[in-house]
Structure formats: structure tokens, C-alpha cells
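Understanding the architecture of this molecule
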Amino acid sequence: MQVSEPAAAESAARELAAFLERRREQIAQRWAGTPLFRTVFTVSRDEAVEACKTVVDALADVASTGRLENIAAPGFESVREQLGRMAASRARRGFSTAQITDEAAGLRVTIAELLRGEIHDLPGHEAQEVLLAATVLMGTLSLVIMETTVNAGEELIARQRQQLLEVATPVINLWEGIVAVPLIGTLDSARSQVVMESLLGAIVDQRARYAILDITGVPTVDSLVAQHLMKTVAAARLMGAECIVSGIRPAIAQTIVHLGIDLGSVLTRSSLADALAYALTQQGIEVFRAAGVNPR
């Protein structure tokens, strides 16, 4: 009697699931030596073997449902985080998504070798169905790894971007009670948020009464940048600090006037030095040039 294609596929998937359960230990032992697992689970080989077993169990769960092509199959949920760590580790070592995917595809070799040793007694067409099912399932695993690789890469880029924003937005403790943020480059929403968070954090940590925002290195100011500055000034006031904006160059001053932006409520000074002098004076501190020292 001829078995229908759907029925044959279901039977092959069940046979594959049973095979994965039987050969769980052998597959895990072989996989533990592959770069994809070895470079992440470095504490001991046993750790790598256990990680491999978790992946084999996930594959068996997916195969038992017959949903071999579904990357969203519930069976994969238990290993997505683990696969993500593996992919991220390889990406940090400079491997591309294509190279990581090739390593994942290499896991199929172990499955195929062990599987052929078990299905030689099956009729030819049934053996082919099981091999095809294994190929499809391992292809789906590769897609899941590719997906987690891309996600891990995006998360890594986002973290690096955040770190660059923080590095590009240092908060300097100029004097007791006085902090400053020298801004260089273009301000956008993301960076403006980092500026505000960094400045407010410094106000609390340093117990600062004066905060200076120096925009000497900001090439242009538009309405959006001005709004961000106003919000930062307002937030600093709520934290009990007076905020001073310094470094407004003539071209930027003209732009602000042409845009009709009202900075009347914002204390401004022409330079960082002037802003610092103002803050010191407000605290009753006077700075004098030593006799006989010529300014350069």
C-alpha cells in the first residue's frame, strides 16, 4: 500500500525524533568539539556536552511535532538564548554571519553519519524520507542560529553606540560644586538623552550647584537642538543646580534669532572660561593672576 506524502513525512519526523533521543549522548560528544560550542563553553568539556544535549533535546522536540521548517517552533525557545550567546561569541571573534551559519551547517554532518548507520535496514524510500527530514530540521536550526546571530549583532552595535555616546559626552568636575559637559559634534535625540542623564547623574554624585553646557564644538543649532538644551536646563534646575550654556558662537546666535527660539530664561556665557568664572564668583570665590605671570 502506497503511503501518502504527508503521512510519510510525519512518519519520518517521528523516526528522526526517536533517533535524536537514542543518539543524544553520541551527538553531544561530537558537537562539543566543534568551534561553535567549544569557544563558548570553555570551563570544561562536560559543560559543552551538556549544552549540546540541550540543543539535541530541542531538535527532538521540534521533530516530534512534525514542524521541521518552523523557526518559531516552541522546541527552539529553550535554546534561543544559548544559541544567541554562541553566535555573539563568534561574532566578537570577527566571524561573519555567513561563517557562523556555515559552522552551524557543519553540525549536520554528525547527524547524517550516525543516522545512516541506523536506517540501513529501512526500505530505500523511507530511509530517504528520514534523511530529508534531518536535512530540513538542521537547515531550520541554521536559520534559527542566523536569526540569533543577527539579533546579537544588532544588540552589540546598540551597546557600542551607547558606549560611544557616553564616551563622547564626558562630564567634567571643574571645581567643587561645578560640573561641565563639553559638547562636540552633532546633537540628536539619542545623544541629547545621554547628555541629560549624564549631567543629572553628575549633579547628584558631585552635589553640584552649577552645571555648564559648553556648545563650542557643536557646528549647528536648530530648533530640535535648542529644545533639547532647554529640557536639560529645566531638568538641572529641578535637581537644584543652575545651568549655564556657554560657547554660543556668532553664527549660532544668528541662527537662534532667525529661528525665533527664546533662550531668555537660559543663562548664557560666551565661553567655558566665562561660565566657570561666573559660577566661581557666585560661590564667593575670586581668581587672581599671580604677579609676574604673563598670559599666553
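Calculation criteria
- Residues numbered from 1 in each chain as written.
- Predicted model: local features only at pLDDT ≥ 70, side-chain atom pairs only at ≥ 80, totals over all residues.
- Heavy atoms only, no water.
- Axes fitted to C-alpha atoms, helices over the stretch in contact; angles between N-to-C directions.
- Helix = DSSP H or I, 4+ residues; strand = E, 2+ residues; numbered from the N terminus.
- Parallel < 35°, antiparallel > 145°, perpendicular 65-115°, else oblique.
- Left-handed = near helix turned anticlockwise from the far one by under 90°.
- Contact = heavy atoms within 4.5 Å.
- Nonpolar A, V, L, I, M, F, W, Y, C, P; charged D, E, K, R; others polar.
- Phe/Tyr/Trp six-rings, centres within 6.5 Å; stacked < 30°, edge-to-face > 60°.
- Buried < 20%, exposed > 50% of the residue type's maximum accessible area, 1.4 Å probe, protein only.
- Pairing = 2+ DSSP bridges.
- Arc of directions from axis to C-beta.
- Salt bridge = Lys/Arg side-chain N within 4 Å of Asp/Glu carboxyl O.

On to the packing of helix H2 (residues 24-31) against helix H4 (residues 45-65). At a minimum axis distance of 8 Å, the contact between H2 and H4 shows a crossing angle of 125°. In terms of their interaxial angle, H2 and H4 are classed as oblique. The element H2 and its partner H4 pack so that their crossing is right-handed. Contact residues: H2 offers Arg 24, Glu 25, Ile 27, Ala 28, Gln 29 and Trp 31, while H4 offers Arg 45, Val 49, Cys 52, Lys 53, Val 55, Val 56, Asp 57 and Leu 59. Per-class residue counts for the contact of H2 with H4 are eight nonpolar, one polar and five charged.

This brings us to the side chain of His 228. Examined against the element boundaries, His 228 turns out to sit in helix H9 (residues 223-238). Dropping the residues within four chain positions of it, His 228 is found in contact with Asp 188, Ser 189 and Ser 192.

This paragraph deals with the packing of aromatic side chains. For the structure on display, the rule yields two aromatic pairs. Seen from their ring centres, Trp 31 and Phe 37 are 6.1 Å apart, and the 15° between their planes marks the pair as stacked. One exposure class covers both Trp 31 and Phe 37, and it is buried. Summarising the aromatic geometry, the rings of Tyr 210 and Tyr 278 are spaced 6.5 Å apart at their centres and angled 90° between planes, so their arrangement reads as edge-to-face.

Moving on: the sheet that holds strand S5 (residues 267-269). Read across the sheet, five strands follow the order S1-S2-S3-S4-S5 without closing on themselves; strand pairing throughout is mixed. Two strands in the sheet have a free side with no partner beyond their single neighbour: strand S1 (172-175) and S5. Strand-to-strand twist across the sheet, computed as the mean angle between neighbouring axes with direction ignored, equals 30°. Here strand S2 (residues 178-184) pairs with strand S3 (residues 210-217) via six bridges, running parallel. Looking at S3, one finds that Val 181 is bridged to Leu 213. Of the strands in this sheet, S1, S2 and S3 are in contact with helix H8 (residues 189-206), which crosses S2 at around 165°.

Moving on, we get to the pairing of S1. Inspection of the sheet shows S1 paired to S2 by three bridges, in the antiparallel sense. In the strand pairing of S2, Asn 173 is matched with Val 179. What sits between S1 and S2 in their antiparallel hairpin is a turn of two residues, with Gly 177 showing a positive phi close to 85°.

Here we come to the packing of H4 against helix H5 (residues 74-92). For the pair H4 and H5, interaxial distance at closest approach is 8 Å and the crossing angle is 150°. Of the possible angle classes, the one that applies to H4 and H5 is roughly antiparallel. Considering how the two elements wind past one another, H4 and H5 form a crossing that is left-handed. Seen from H4, the contacting residues are Ala 51, Thr 54, Val 55, Ala 58, Leu 59, Asp 61 and Val 62; seen from H5, they are Gly 75, Phe 76, Ser 78, Val 79, Gln 82 and Leu 83. In terms of residue class, the contact of H4 with H5 is built from eight nonpolar, four polar and one charged.

For H2, every residue scored as buried is listed here: Ile 27, Ala 28 and Trp 31. Projected down its long axis, H2 shows its buried positions confined to an angular sector of 95°, all on one face.

Looking now at the pattern of salt bridges. Scanning the entire structure with this criterion turns up nine salt bridges. The shortest N-O distance in the salt bridge between Arg 22 and Glu 15 comes to 3.8 Å. For Glu 15, a relative accessible area of 30% translates into the label partly exposed. Ionic pairing is found between Arg 23 and Glu 118, a salt bridge with its closest N-O pair at 2.7 Å. Of this pair, Arg 23 sits in the loop between helix H1 (5-22) and H2 while Glu 118 is found in the loop between helix H6 (97-116) and helix H7 (124-167), placing the two residues 95 residues apart along the sequence. Judged by relative accessible area, which is 25%, Glu 118 ranks as partly exposed. Look at the salt bridges and you will find they share partners, linking Glu 15, Arg 22, Arg 23 and Glu 118 into a network.

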